[in-house]
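Coordinate analysis (summary)
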Amino acid sequence: MSRAEQAPARRARQHAVSTYIAHGLAESTRRGYAADLRHFRAWGGRIPASAELVASYLVAHAKVLKVSTLTRRLAAIASAHTLLGRDSPTRSPLIRATLRGIRRVHGSAQKQAKPLTPQLLQAMLRHRRGDCPLRLSRDRALLLVGFAGGFRRSELAQITPRDLTFSRNGVSITIWHSKTDAAGKGRVVALPSGASDLCPVRALRDWLARLSSLCPAADDGALFRRIDRYGQLGGPLGAAATGPILQKRLALSGRPSAGFSAHSLRAGLVTSAALAGVPVWSIQRQTGHRSETMVHRYIRDLTPFQANAFGAIARTTK
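Residues numbered from 1 in each chain as written. Predicted model: local features only at pLDDT ≥ 70, side-chain atom pairs only at ≥ 80, totals over all residues. Heavy atoms only, no water.

1. Thoughts on the side chain of His-289
- Its location among the elements puts His-289 in the loop between α12 (280-287) and α13 (292-298).
- Side chain to side chain, His-289 and Thr-287 meet in a polar contact 2.7 Å long.
- Not counting residues up to four positions away in its chain, the partners in contact with His-289 are Arg-266, Val-270, Gln-284, Met-294, Val-295 and Tyr-298. (Helix = DSSP H or I, 4+ residues; strand = E, 2+ residues; numbered from the N terminus. Polar contact = N/O pair within 3.5 Å; in protein donor to acceptor, adjacent residues only side chain to side chain. Contact = heavy atoms within 4.5 Å.)

As structure tokens, then:
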């Protein structure tokens, strides 16, 4: 075979490799990387890039972007080089030293969502005069399931009625894809039944009953749906809608919504579980966190005297 004849086959193999590499990332990650690369290119960057060019990009944005954002931009640049089969400049000593200096000069603290507490969740989900029954039922199911499962907003958006398995103990929810499970192995999250008005199982059953009465083919679609201003059922509820729904419920209950987002459900579950003495491995099983370090980052707003290691010993020692 001549060199000219080999070229198309080589390009086809390279394209196939690039396709599989791209699909090794979660869809949300691919979208985020694409946006990051657009920002890099709009500044004047290009792929492939030199270490000097990437370092200049970091310096140009050191005062206006968080270190966490810059780190994600570096990951996007590295991924783009991998797709081309090139060595990434982000692994160079120059880039590592530049980022280390930015951390020391500007700090690396991240803005974190405030955690929801069970008490705040109860207040948010009380029935109020003028509430649309359909919307209230959906919001209760969405927020209680999100809190009890420690789910990401993208995970809530993908759940369908077929992913639910009810039993006398509660409900098991199968999550087929997530940020840390790009391969789609899936995991099952159990939500136990409870006697309080924070029971996610009761809220789910109520929402499913309303959903199936309005949409006979509901099993084949998204569990959570849009509801228009007239109280009419619409299409699938996007992942980005969870935060505004949560903030609106907070506002309706007379609470400030600043600092709260969809991530407040996940952070709230982890923080409340830690305060209740739940072991880290059990929290990880519920939330799907791959490391204890990430779980510790989610434990927020606890004073040094809450869940104190010696305090637990002192209370059991006579």
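2. Focus on the environment of Trp-207
- Within the secondary structure layout, Trp-207 lies in helix α9 (residues 200-214).
- With residues near it in sequence (within four places) discarded, Trp-207 still touches Leu-134, Ser-137, Arg-138, Ala-141, Leu-223, Phe-224, Arg-225, Ile-227 and Leu-233.

3. Structural notes on the side chain of Arg-73
- Residue position: Arg-73 is located in helix α4 (residues 67-84).
- For Arg-73, a relative accessible area of 10% translates into the label buried.
- The residues touching Arg-73, leaving out its near neighbours within four places in the chain, are Asp-36, His-39, Tyr-57 and Leu-65. (Buried < 20%, exposed > 50% of the residue type's maximum accessible area, 1.4 Å probe, protein only.)

4. Some remarks on the layout of surface pockets
- Of the pockets and cavities examined, the second largest pocket occupies roughly 260 Å³.
- In terms of lining residues, the second largest pocket is bounded by 15 residues, among which Leu-125, Arg-140, Leu-144, Asp-197 and Ala-203 are the most central.
- Elements represented by at least two residues in the lining of the second largest pocket include exactly α7 (133-149) and α9.
- For the lining of the second largest pocket, the element with the highest residue contribution is α7, accounting for 5 residues. (1 Å grid on protein atoms, 1.4 Å probe; cavity = no way out; pocket = protein on both sides within 12 Å on 5 of 7 lines; lining within 4 Å. Points joined across faces, edges and corners; volume = space filled by probe spheres on them.)

5. Things to note about helix α11 (residues 263-275)
- The first and last C-alpha atoms of α11 sit 18 Å apart over 13 residues, in line with the 18 Å expected at 1.5 Å per residue.
- Most of α11 sits out of view: 10 of its 13 residues are buried.
- Among the residues of α11, those classed as buried are Ser-264, Leu-265, Arg-266, Ala-267, Gly-268, Leu-269, Val-270, Thr-271, Ala-273 and Ala-274.
- Where the residues of α11 are buried, they touch α7, α8 (153-158), α10 (242-252), α12 and α13.
- Taken from the residues just after α11, Gly-277 is the one with a positive phi, measuring 85°. (Expected span 1.5 Å × (residues − 1).)

6. Considering the pairing of strand β1 (residues 164-167)
- Here 4 bridges tie β1 to strand β2 (residues 170-175), and the two strands are oriented antiparallel to one another. Considered in β2, the bridge of Thr-165 is made with Ser-172.
- A loop of 2 residues connects β1 with β2, the two strands running antiparallel in sequence. (Pairing = 2+ DSSP bridges.)

7. Quick notes on empty space enclosed by the protein
- Here the structure, examined in full by the defined rule, presents 1 cavity of 30 Å³ or more.
- Computed from the structure, the largest cavity encloses a volume of approximately 40 Å³.
- In terms of residues, the lining of the largest cavity owes the most to one element, α8, which gives 3 residues.
- Class assignment for the residues of the lining of the largest cavity results in 5 nonpolar, 2 polar and 1 charged. (Nonpolar A, V, L, I, M, F, W, Y, C, P; charged D, E, K, R; others polar.)

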